[in-house]
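What follows is the residue order along each chain.
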Amino acid sequence: GFARGCVPFKSGVMSDLNSAELLIVEKLQSRCRNANKIEPYLYKMLRYHDLSNTGSLTFPKFAQAISPVATGISDRMLQAIFERYADGDLLPLKVFSTEFSLGTQRESGEYSQGNGATPLSLAGPAARSLEGLVERMKVLLFSQGPRGILGLAMAFWEVDTQNVRMVNKGTFTEVMMQFFENSPLELGYPQVDMLFEAFCSVQSPDQLSYDEFLLALKSELNPERRAAVRKAFRRLDACSEGLVDFEDMRRSFNAKRHPLVSEKGMPEGEMLEEFCETMADLVTFRRGRRTFPMNMVAWEEFEDYYFTIGGCYPSDEMFVTVVERVWDVDKASLPSSRIAAGPAAGVPPPTRVGLHHWQPDTLPHATGYRNVSEEVPLEDVLDKIRSLQYKNGVRFAVGIVRQFVQLDDDLDDLLDQHEFRRACQACGLLLKPEEEAAVFRELAQEMSDPRTGGPIVKLPIGQFFAALHGQMSEYRQQLVEDVWRQIDRTGDGVPPSVLKETMNPAAHPEAGSRKPQQILTDFLDTFSDLMNATGGCAEGRVRQNDWLMYFSVVSSATESDAYFALVLRRCWQKDARIVQVEAAPSPLAERKAPQHEGPTVYQDSPGIMHSRFSRKVSGAPAPMVSPITRSSIQFNSAVDTEASQVCARIRSIIAPRGLRGWTAWLKKLRQLDTRGDGTIMRLEWQRAHRSLGLGISPDESDAVFKAFDLGLDGRMHIAPFMEGIKGPINQNRLELIEKAYNSVVDANEDAVYCRDLIEQFDYTNYPFYVLGRMTERQAFADFDDTLHFLCPMGKMSRDQFYEFLSLVSATFLDDHEFNIVVTVCLRCQ
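Now for a look at the structure at hand. (Residues numbered from 1 in each chain as written. Predicted model: local features only at pLDDT ≥ 70, side-chain atom pairs only at ≥ 80, totals over all residues. Heavy atoms only, no water.)

Each helix and strand counted, the protein chain has 39 helices and 17 strands in total. Counting every position in the protein chain, which comprises 829 residues, the buried fraction comes to 43%. Considering only residue pairs separated by 6 or more positions, the protein chain has 67% of its internal contacts joining residues 24 or more positions apart. (Helix = DSSP H or I, 4+ residues; strand = E, 2+ residues; numbered from the N terminus. Buried < 20%, exposed > 50% of the residue type's maximum accessible area, 1.4 Å probe, protein only. Contact = heavy atoms within 4.5 Å.)

Rendered as structure tokens:
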């Protein structure tokens, strides 16, 4: 049965039974020393005796398993405990461990009869109707194939936006009624209510765990089925890592051998599509919503997939046959043709060199040993060349154009195979014969040879470059045209020298790792090489077509849209700014001290000086300046000049470390704030900046401490210090932050949910990832860890959202990078 019910039991025996159970619970607590770990401890103890791996025990096995904690309890009382929780002649281990540790049966005062017990409210026909309803649901779902049961699972997943794996009665009723609408299953509100009451949570009667409900609809994998699934996964997981790439799994799935394809005539592509979709749905359902996007499938997920769809195959023989055939498990033991033909060809079998090492394979591997009937797609060849351009940059891409044009001997913009091979060798493209054949098969033109009159095949250079570079996306082309309109305001073109004058190489994204002069030289060299090769810059002027042609080559060598836009906006647009830390003016910049106004210790009032400090005779006019040197240095800022310079240097050190650099700094300060009043002592401040390697001298450390010792009590205030390090936020960024908050805030709760920001975060345009300073995983972790550090409760208030973006502002000093993070990465428009 799918629900366990109880009938009243005699009070005297009930009291003895509860006392026996409490005695066992007390002994379990003394063993595991933690009341919260009784359930897993009890489950492990019982599972050790489940040798058949069925998830249940008979009474003799139960008595043997529970004996270490059942000392002094009679066999009759153990039999009563067994019957209280048993389902027929078997005791389900998971259910028993949960209910026994929580005391559900003891608190309810009910007792199971041990004969497939059903709820008291559903006794008799009601119980049979519940089991019958569940069986009819299983038949209907599994008759639809894997999409049936997984479709119901995804229906629950979609309504569980909070990822709590629980639904209330209203949501459960809505999902069930919509999913089984217009189905042969007669499902009404009474049946849905009966299902909810049978499967609702014991701790929360108004909630239902849809994982437990779906578990009742699945069929347990017996040892034979589990062994077949394990063999299939071992064949996929060649490195025994417990993880298989989903793309490798898709390629290994042999849909041709599935019985529905080979015997029933189902299209092969439809079967492969069904597997890919259902496997992806199962992985999504298991992992929930807040997960890092991965393309790897674990062993547990692979096993759970066949555990979920196992009911689609009524017999074990059919299940095992399907698994072995689609994953070619039955072919794994067959020797390859090379090994099988080895003895006849006189090739000795492989021998062991040592205890665990075989002789290496010495057979030749070359392109000559390929299947001549296979054709390489042209797009694969172009992708190979593009990957080299991504790796080697614009200079390499322009070099390809230059070499191909230069090796056109007869200047007809056509290349024969000999010229094509020489061009590839000159620019470092190593193409296999079949790849070269693919280029000429798809792009070349057949024409007559003017010398011999016979047919000849030649490749048009322009057509090859059009296929290689492709058409720029609408976003990139619009950006290039906008920049050109800023350079050429008349529309008649500009001299090449204007490009040099208008480019700002110091604002280039790679200016931190390369010299600006080197960046400018690369641009001028590549641009001039391309114009010389293609005949651009007619009449000595650069026009829009030349500009677009150059950046079409640049676009083919730049994979990321964000990096492409960053280069154009920062190097040519007028609003591009380089954020530099400017030191505050020194009060000693002028040789002469500023004149002091008002009374001083040297003179009572302007023009009247004490005779003690005057060398003039009485009655003579007073000197304008006292003969004794005096200091009139004035400090006009609230924070000392040296302290502000140190704060700017700290910001420049932490910013390249990313957002996690700021969180590490905040964690250290909060850790040292042992009093919890937002202040730290001098020794704690010194320990903080030394542990993070900020390179601050003792004098600079004292200057910062004095500047932020606002109470003059020997304590440095953390909050003002952090504001000083982060620096001010300009008005444009404040307006952008306000727009971002309004676009992501939940109006009902006046808060921003972190899960929404994480789900829509586009790490591919993250500046650190675009510039190659972080990998995909590091970029995502940089954002995810910072969010969860600032708002551990999962949602941010307005102040917390502003604090988060203030850290983003302090990390990305350039306005364009900050705009990309807010508008593109976070998608806050």
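Having seen it, we continue.
If you look at the biggest cluster of nonpolar residues, it comprises 69 residues, and the most contacted ones within it are Phe 172, Met 176, Leu 195, Phe 213, Phe 302, Tyr 306 and Trp 327. If one sorts the elements of this core by residue count, helix H8 (residues 146-159) sits on top with eight residues. Those residues in contact with Trp 327, other than ones at most four positions away along the chain, are Ala 232, Arg 235, Leu 236, Met 249, Ser 252, Phe 253, Phe 275, Phe 302 and Tyr 306. In this structure, Leu 479, Leu 499, Phe 551 and Leu 568 belong to the second largest nonpolar core, which totals 63 residues. (Core = buried A, V, L, I, M, F, W, Y, C linked by side-chain atoms within 4.5 Å.)

This brings us to the pairing of strand S11 (residues 455-460). Bridge analysis of strand S9 (residues 414-415) against S11 gives two bridges, and the strand direction is antiparallel. Bridging from a neighbouring strand, Leu 415 pairs with Leu 459 of S11. Alignment of strand S10 (residues 445-448) against S11, held across four bridges, turns out to be antiparallel. When the bridges of S11 are listed, Ser 448 appears paired with Pro 455. (Pairing = 2+ DSSP bridges.)

With that settled, the discussion passes to the pattern of salt bridges. This structure, assessed with the given rule, holds 40 salt bridges. Where Glu 738 meets Arg 798, a salt bridge forms, and the shortest distance between an N and an O atom there is 2.7 Å. Residue Glu 738 is found in helix H34 (residues 731-744), and its partner Arg 798 is found in helix H38 (residues 798-811); the two are separated by 60 residues along the sequence. When salt bridges with common partners are traced through the structure, they connect Arg 395, Glu 510, Arg 514, Asp 522 and Asp 525 into a single cluster. (Salt bridge = Lys/Arg side-chain N within 4 Å of Asp/Glu carboxyl O.)

A separate point is unusual backbone geometry. The phi torsion of most residues other than glycine is negative, and most of the peptide bonds are trans. A positive phi angle is found at Asn 53, which is not glycine, with a value near 60°. Given the relative accessible area of 25%, Asn 53 is considered partly exposed.

What follows is about the packing of aromatic side chains. All chains considered together, the criterion is met by 53 aromatic pairs. Ring plane angle 65° and centroid distance 5.4 Å describe the contact between Phe 302 and Tyr 306, whose orientation is recorded as edge-to-face. Linking Phe 302 with Tyr 306, this pair stays in helix H16 (residues 299-309), spanning four residues, or about one helical turn. With respect to burial, Phe 302 and Tyr 306 carry one shared label: buried. Site record: aromatic cluster; members linked through ring pairs are Phe 233, Phe 253, Phe 275, Trp 299, Phe 302, Tyr 305, Tyr 306, Tyr 313, Phe 319 and Trp 327. If you follow Arg 165 out to its NZ or CZ, it ends over the ring of Phe 285, 4.7 Å from the centre. In this structure, Arg 755 is placed above the aromatic ring of Tyr 753, and the distance from its NZ or CZ to the ring centre is 4.4 Å. (Phe/Tyr/Trp six-rings, centres within 6.5 Å; stacked < 30°, edge-to-face > 60°. Lys NZ or Arg CZ within 6 Å of the ring centre and 35° of its normal.)

Take the environment of Met 503 next. Tracing the chain through its elements places Met 503 in the loop between helix H25 (496-502) and helix H26 (516-534). Here the alpha-carbon distance between Met 503 and Trp 572, two residues 69 residues apart in the chain, equals 5.3 Å. Other than its neighbours up to four places away in sequence, Met 503 contacts Ile 519, Leu 520, Phe 523, Cys 571 and Trp 572.

The sheet built from three strands is open, its strands ordered S9-S11-S10 with antiparallel pairing. Two strands in the sheet have a free side with no partner beyond their single neighbour: S9 and S10. Helix H22 (residues 433-443) contacts S9, S10 and S11 of the sheet and is inclined by roughly 95° relative to S11. (Axes fitted to C-alpha atoms, helices over the stretch in contact; angles between N-to-C directions.)

Attention now goes to helix H39 (residues 815-825). Of all the 11 residues making up H39, eight are buried; the element is thus mostly covered by neighbouring parts of the structure. Within H39 the residues assigned to the buried category are Asp 815, His 816, Glu 817, Phe 818, Ile 820, Val 821, Val 822 and Cys 825. One side-chain oxygen of the residue at the start of H39 lies 2.9 Å from the amide nitrogen of His 816, identifying that residue as Asp 814. (Polar contact = N/O pair within 3.5 Å; in protein donor to acceptor, adjacent residues only side chain to side chain.)

Turning our eyes to something else, we now look at the packing of helix H20 (residues 394-406) against helix H23 (residues 461-469). The N-to-C vectors of H20 and H23 enclose an angle of 165°; their axes lie 11 Å apart at closest approach. Taken as axis vectors, H20 and H23 run roughly antiparallel relative to one another. The two elements H20 and H23 meet at a crossing, and its hand is right-handed. On H23, the residues touching Ile 400, Val 401, Phe 404 and Val 405 of H20 are Ile 461, Phe 464, Phe 465 and His 469. (Parallel < 35°, antiparallel > 145°, perpendicular 65-115°, else oblique. Left-handed = near helix turned anticlockwise from the far one by under 90°.)

Functional significance is not addressed by these values, which are geometric in nature.
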